[in-house]
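Letter by letter, the chains look like this.
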Amino acid sequence: MLEPSHNDELPPIPGKRYFTIGEVSELCCVKPHVLRYWEQEFPQLTPVKRRGNRRYYQHQDVLMIRQIRSFLYEEGYTIGGARQRMSGETAKEESSQARQVIRQMLGELEEVAKLLKR
């Protein structure tokens, strides 16, 4: 498992529309029970629930979980502090999510460029 302080080393998010709780757990290096707990603590985090109460997370949910993880594990916020930060800085969060998506896309494009040069 990755060190909590290396958020940039998290695996890239695949271009899927929905992710199961197990997939999100692996993408964010957080156990499924922690994700379920965070759903209770962060009102912004609302995965789609389908048949049998199965959770399906969307791309923006995965980015939000990574942001929460960063606040808690890297910046040392408490749950309450991270909740305040998430609700108080919506615009900043959106730009941060956009930056994460752009960083991921650049990395993927660089990999494609390397493959094309061969």
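Residues numbered from 1 in each chain as written. Predicted model: local features only at pLDDT ≥ 70, side-chain atom pairs only at ≥ 80, totals over all residues. Heavy atoms only, no water.

The protein has the name MerR family transcriptional regulator in an unreviewed UniProt entry, where Zhongshania borealis is given as its organism.

1. Focus: the overall build of the protein
The condition that has to hold: Numbered from the N terminus, helices here are DSSP runs of H or I no shorter than four residues, and strands are runs of E no shorter than two. Burial classes: relative accessible area under 20% of the type maximum marks a residue as buried, over 50% as exposed, and values in between as partly exposed (1.4 Å probe, protein chains only). Contacts are residue-level and defined by heavy atoms, with any inter-residue pair within 4.5 Å sufficient. Accessible areas in this description were obtained via Shrake-Rupley with a 1.4 Å probe; residue shielding takes into account the shown protein chains only.
Helix and strand counts for the protein come out as five helices and two strands. Residues classed as buried in the protein amount to 36% of the 118 residues present. Of all intrachain contacts in the protein linking residues separated by at least 6 positions in sequence, the fraction that spans at least 24 positions is 59%. For the protein, the accessible surface area stands at approximately 7,700 Å², while carbon and sulfur atoms represent 52% of it.

2. A closer look at the nonpolar core
Defined as follows: To form a nonpolar core, buried Ala, Val, Leu, Ile, Met, Phe, Trp, Tyr and Cys residues must be joined to one another through side-chain atoms within 4.5 Å.
Membership of the largest hydrophobic core comes to 22 residues, with the highest contact counts inside it found for Val 24, Leu 35, Trp 38, Ile 65 and Ile 68. When near neighbours in sequence (up to four residues on either side) are disregarded, Ile 68 contacts Trp 38, Phe 42, Leu 45 and Met 86.

3. Observations regarding helix 4 (residues 79–88)
Each α-helix winds once per 3.6 residues, and so residues spaced three or four apart point in a common direction. Selection criterion: As used here, the arc is the angular range of directions from the helix axis to the C-beta atoms.
Turning to helix 4, its buried residues are Gly 81, Ala 82, Arg 85 and Met 86. Seen along its axis, helix 4 keeps its buried residues to an arc of 135°; they face one direction. Counted as exposed and oriented over 90 degrees from the buried face of helix 4: Gln 84 and Gly 88.

4. A few points about a nonpolar patch on the surface
Filter applied, for reference: Patch criteria: residues need more than 30% relative accessible area and no salt bridge. Like-charged residues are merged within 9 Å; nonpolar side chains of Val, Leu, Ile, Met, Phe, Trp and Tyr are merged within 5 Å. By salt bridge we mean one thing: a side-chain nitrogen of Lys or Arg within 4 Å of a carboxyl oxygen of Asp or Glu.
Side chains of Ile 102, Leu 106 and Leu 109 sit close together on the surface and give an oily, nonpolar patch of about 300 Å² of accessible area. Mapped onto the fold, Leu 106 is located in helix 5 (residues 90–117). The exposure class of Leu 106 is partly exposed, given its relative accessible area of 47%.

5. Here's the deal with the state of the cysteines
Definition in use: Disulfides are defined in this document as cysteine sulfur pairs within 2.5 Å.
Evaluated as defined, the whole model comprises zero disulfides. As a non-bridged cysteine, Cys 28 has Cys 29 as the owner of its nearest cysteine sulfur, 7.7 Å distant.

6. A word on the packing of helix 1 (residues 21–28) against helix 3 (residues 59–74)
Note the following rule: Geometry is summarised by axes, namely lines fitted to C-alpha atoms with helices restricted to the contacting stretch, and by angles between N-to-C directions that run from 0 to 180 degrees. By definition in this entry, angles of less than 35 degrees are roughly parallel, angles greater than 145 are roughly antiparallel, angles of 65 to 115 are roughly perpendicular, and the rest are oblique. Crossings are assigned a handedness: left-handed for a near helix turned anticlockwise from the far helix by less than a right angle, right-handed for a clockwise turn.
Where helix 1 contacts helix 3, the axes come no closer than 10 Å and their chain directions differ by 45°. Judged on the interaxial angle alone, helix 3 and helix 1 are oblique. Crossing of helix 1 against helix 3: the hand is right-handed. Residues Val 24, Leu 27 and Cys 28 of helix 1 form the contact with helix 3, whose own contacting residues are Val 62, Ile 65, Arg 66 and Arg 69.

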